Each structure stands twice: as structure tokens, then as C-alpha cells.
Amino acid sequence: MTETATIPPVKHLPDAQTVTSVRHWTDRLFSFRVTRPQTLRFRSGEFVMIGLLDDKNKPLLRAYSIASPAWDEELEFYSIKVPDGPLTSRLQHIEVGDEIILRPKPVGTLVIDALLPGKRVWFLATGTGIAPFASLMREPETYEKFEEVVMMHTCRTVEELEYGRQLVESLKDDPLIGELVGDKLKYYPTATREEFHHRGRITDNLMSGKVFEDLGIAPMDAEHDRAMVCGSLAFNKDVMEVLEHFGLREGANSEPREYVVEKAFVGEGI
Ligand SMILES: Cc1cc2nc3c(=O)[nH]c(=O)nc-3n(C[C@H](O)[C@H](O)[C@H](O)COP(=O)(O)OP(=O)(O)OC[C@H]3O[C@@H](n4cnc5c(N)ncnc54)[C@H](O)[C@@H]3O)c2cc1C
Ligand SMILES: NC(=O)c1ccc[n+]([C@@H]2O[C@H](COP(=O)([O-])OP(=O)(O)OC[C@H]3O[C@@H](n4cnc5c(N)ncnc54)[C@H](OP(=O)(O)O)[C@@H]3O)[C@@H](O)[C@H]2O)c1
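All residue numbers here refer to positions counted from 1 along the written sequence of the relevant chain. Each chain is given a letter, starting from A, and each ligand a number, starting from 1, according to the order in which they appear as written. Totals for whole chains, interfaces and linings use all residues, but because this is a predicted model, local features are given only for residues with pLDDT of at least 70 and pairs of side-chain atoms are given and counted only at 80 or more. To obtain the side-chain values, all non-hydrogen atoms of the structure were included, while hydrogens and water were left out.

As recorded by an unreviewed UniProt entry, the chain carries the name ferredoxin--NADP(+) reductase and is attributed to Rhodobacter xanthinilyticus. Quoted verbatim from the Catalytic activity (unreviewed entry) heading of the UniProt record, the comment on the chain is "2 reduced [2Fe-2S]-[ferredoxin] + NADP(+) + H(+) = 2 oxidized [2Fe-2S]-[ferredoxin] + NADPH". UniProt positions are given in the numbering used here, feature names are shortened, and annotations may be inferred rather than shown by experiment. Database annotation for the chain, UniProt heading Cofactor (unreviewed entry): "FAD".

What follows is the structure, given as C-alpha cells:
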């Protein structure tokens, strides 16, 4: 029996959605698209619970950022493959035509409404933490609300940056959003454990001022700059200190301020 054959059908569940495409980026990262429930409304940057049935036919669900923008007809997700992970050890084998469970209750703090108006917004992500920004970079409201958007994405290796790189590259020619993006989006990918034209941690490149220098932009300040953060617990904690150093304060949906944070996953890492 192949491993794909072990994915139980979820056809008769009310929250079943069909996989429309799958792409494997590395041996630990993949992305996929599924049909969108007609009634699902969400704000770009939010997450939902998705999953499969377990061996006892019980839903096995995990939080996933929706990587596609709110206007897209389908839903896109960008996923880790945890070797012994209860969900992703199986989810990584999905194929076009398979079904997954998707609970249509979007939530999350990484939404434009949770920030005070500003001139420039920073999207700060490590690893799969780029997923909510894959949505927000394709969201027209991002460019309507901000004059400048800086996407900093850091991974250990260059191949782990590829999903984000191709997405940013595709925006230029996007018939729906290309014109709006124009040259407002500045992309600053870095690798920390391999040779690459930009190296180092997001925290270090902000504190040293290297990113401002490289992009030829003004340093961060609380009056003009807003930020959204999504990465490991350790990254989130350290980058929050950096943002506070520049005078930004954490906000929420109920109390918009200068920055918002969401965990890319729970735990210390695989
Ligand atoms: C708000 C929120 C949004 C999330 N969005 C995404 C997303 O868009 N894409 C995604 O791949 N995951 C995302 N996650 C993580 C996701 O919920 C699962 O943890 C992940 O799919 C692994 O599931 P699992 O059952 O295989 O293993 P789990 O038992 O859930 O995790 C096992 C261990 O693997 C590590 N791990 C889990 N997820 C990651 C990750 N993404 N990167 C690095 N290490 C990880 C952690 O150490 C964790 O303790 C999100 C989590 C939260 C809380
Ligand atoms: N990425 C891989 O090739 C790989 C392969 C197999 C297993 N794993 C395991 O998978 C887990 C998750 O790996 P990951 O690479 O997705 O996530 P990660 O360890 O969180 O690293 C992602 C990126 O964030 C940076 N970073 C980590 N902590 C930071 C902090 N406190 N402040 C600023 N930047 C920080 C890392 O830089 P540094 O490089 O400087 O730490 C790296 O560039 C880890 O436990 C790892 O052992 C990873």
C-alpha cells in the first residue's frame, strides 16, 4: 500500500474541501491549494483549523495561516513536514483530488485593522511564518493603507526561501494586484547558515541598521512604522524587544498599536 492510500476519505464530513494543487519545495516544506467554502469570509492574515481524519476516524486538526489573499477563489497553505508530526507526517502525502477538513472559522491577530495608520509596514517572518504574509502581500488593502511594505524573511538555507521568492516575483505581473504593488514592496530575504547575497538574522539586521542601509530607507521609528511578526517563539520574543527598542508597542484587534505578533507554531521546533 502506498502512503497516499492511507489518507482516509473525508467526503461525508460537512467541512471537507478538495485539494486542487500540491507543490513540494524541499524535503521539509510544501504548499497546496484547496477549494474554498462558498460561505467562508476571512481577513488576509488570519488562520483556520485544517486537518485529516485519524486512524479512529476522528478529526486531527492544526492551526494554519491562510497563505492566499481574501479575494482568491481558492485557499492556499504553506506547510512544514514534521517527520513524526501527527498531522504533517500524513498531510505531506496529499494529492490533487484528496480531501482535507477545513473548519471555516478564521481568526488571528495579523490583520491590518490591528495596526494604527502609518506610512510603512514591516512583515517579519522566519520559516513557515511567511504564510500570513503571502496572504497580506497579495492583499490590495496593504498597499492602500501603506506607502511602503518591507518583507523580511529569514531561513537557515536558501532553498527554504524559494516559496517566498517566487511569490514576490509573481506579484509584478499579477493582473489583479501588480499595478497596486508597483515598487512599494521591498523584499529582504536572508539565509543564516548558507552563503547568500543577504545573510543574518532579522533581529541583527534591524539592530545593526544593515537592512535600512541595504534598502536605502530611513531607520524604523514609531511615528511612521508598523510591523507584523510571525515566527518561532524565540524569534517572536527577540524581535519584539527590537521593535520596542525602536519605540513600537504591541497592539491587538481590540486595541490597535504599532505592531502585532502571532506564533508560526507552538513548541521549540522539530
Ligand atoms: C496560529 C498558528 C498558525 C500556524 N500556521 C502554520 C502554517 O501556516 N504552516 C505550518 O506549517 N504550520 C503552521 N502552524 C503549526 C501547525 O499548527 C502544526 O503544528 C504543524 O502543522 C505540525 O503539525 P503536526 O501535527 O505534524 O505536528 P505538531 O505535533 O503540531 O508539532 C510537532 C512539533 O513540530 C514543530 N513544528 C510544528 N509546526 C512547525 C512549523 N511550521 N515550523 C517549524 N517547526 C514546527 C514544533 O516543535 C512542534 O512542537 C501554525 C500554528 C499556529 C499556532
Ligand atoms: N532548517 C533546516 O534545514 C532544518 C532541517 C532539519 C531540521 N530542522 C529543525 O527544524 C526546527 C525548525 O527549524 P527552522 O529552520 O524552520 O526554524 P528556526 O530554527 O526557528 O530558524 C529559522 C530562521 O530563524 C532564525 N532564528 C531562530 N531563532 C531566532 C531568534 N531568536 N532571533 C532571530 N532569528 C532567529 C534562524 O537563524 P539561525 O540559523 O541563526 O538560528 C533561521 O534563519 C529546528 O528545531 C531545527 O533543528 C531544521
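From this point, things continue past the structure.
Q: What's the story with the site of ligand 1 in this structure? I'm lost.
A: Nearness is defined per residue: one heavy atom within 4 Å of the molecule or strand is enough. Surrounding ligand 1, one finds 23 residues, the nearest of these being Ala 63, Tyr 64, Tyr 78, Thr 88 and Thr 128. One of the backbone nitrogen or oxygen atoms of Ala 264 is found 3.0 Å away from a nitrogen atom of ligand 1. The protein chains shown are the only cover counted for residues, whose accessible areas, like all others here, come from Shrake-Rupley with a 1.4 Å probe. Surface burial for ligand 1 is 84%, taken as the share of its 870 Å² of free accessible area covered by protein chains. For the purposes of this entry, the term helix denotes a DSSP run of H or I that reaches at least four residues, the term strand denotes a run of E that reaches at least two, and both are numbered from the N terminus. Only strand 4 (59–65) and strand 5 (74–80) provide two or more residues apiece to the shell around ligand 1. Ranked by the residues each element gives to the shell around ligand 1, the list is headed by strand 4, at four residues. Amino acid classes used here: Ala, Val, Leu, Ile, Met, Phe, Trp, Tyr, Cys and Pro are nonpolar; Asp, Glu, Lys and Arg are charged; the rest, including Gly, are polar. Residue classes in the shell around ligand 1 are distributed as 13 nonpolar, seven polar and three charged. For every domain, the bounds stem from an assignment made automatically or drawn from a database. If you count residues domain by domain, the shell around ligand 1 takes at least three from each of domain 1 (16–107) and domain 2 (112–263). Distance and chemistry together define a polar contact, namely a pair of N or O atoms within 3.5 Å, with one atom able to donate a hydrogen and the other to accept it when in protein, and with adjacent residues in sequence counting only for side-chain atoms on both sides.

Q: I keep staring at the sheet that holds strand 9 (residues 185–191) and nothing clicks. Help me out?
A: Backbone-to-backbone hydrogen bonds pair the strands of a sheet. The strands run either parallel or antiparallel. A sheet is described by the order of its strands in space; here five strands give the open sequence 9-8-7-10-11, paired in parallel fashion. Of all strands in the sheet, those bounded by a partner on one side alone are strand 9 and strand 11 (259–263). Recorded for the sheet is a direction-independent mean angle of 10 degrees between the axes of neighbouring strands. As defined by bridge partners, strand 10 (residues 225–231) adjoins strand 11 across five bridges and the pair is classed as parallel. In the strand pairing of strand 11, Val 229 is matched with Val 261. Running at roughly 165 degrees to strand 10, helix 8 (residues 233–245) makes contact with strand 7 (120–126), strand 10 and strand 11 of the sheet. Pairing between strands is defined by DSSP: at least two bridges between the two strands are required. Axes here mean lines fitted to C-alpha atoms, for a helix over just the part in contact, with angles spanning 0 to 180 degrees between N-to-C directions. For this analysis, residues touch if any pair of their heavy atoms sits within 4.5 Å.

Q: What is the right way to read the site of ligand 2 from this model?
A: With respect to spatial proximity, 16 residues lie near ligand 2, and among them Glu 160, Thr 192, Arg 193, Arg 201 and Asp 238 are the closest. Here Arg 156 contributes a side-chain N or O atom positioned 3.0 Å from an oxygen atom of ligand 2. Side-chain polar atom of Arg 193 to an oxygen atom of ligand 2: 2.6 Å apart, as the coordinates give it. Contact with the protein chains covers 76% of the free accessible surface of ligand 2, which is 860 Å². Secondary structure elements with two or more residues in the shell around ligand 2: strand 8 (148–155) and helix 8. Examining the composition of the shell around ligand 2, we find that three residues originate from one element, helix 8, more than from any other. Split into classes, the residues belonging to the shell around ligand 2 amount to four nonpolar, six polar and six charged.

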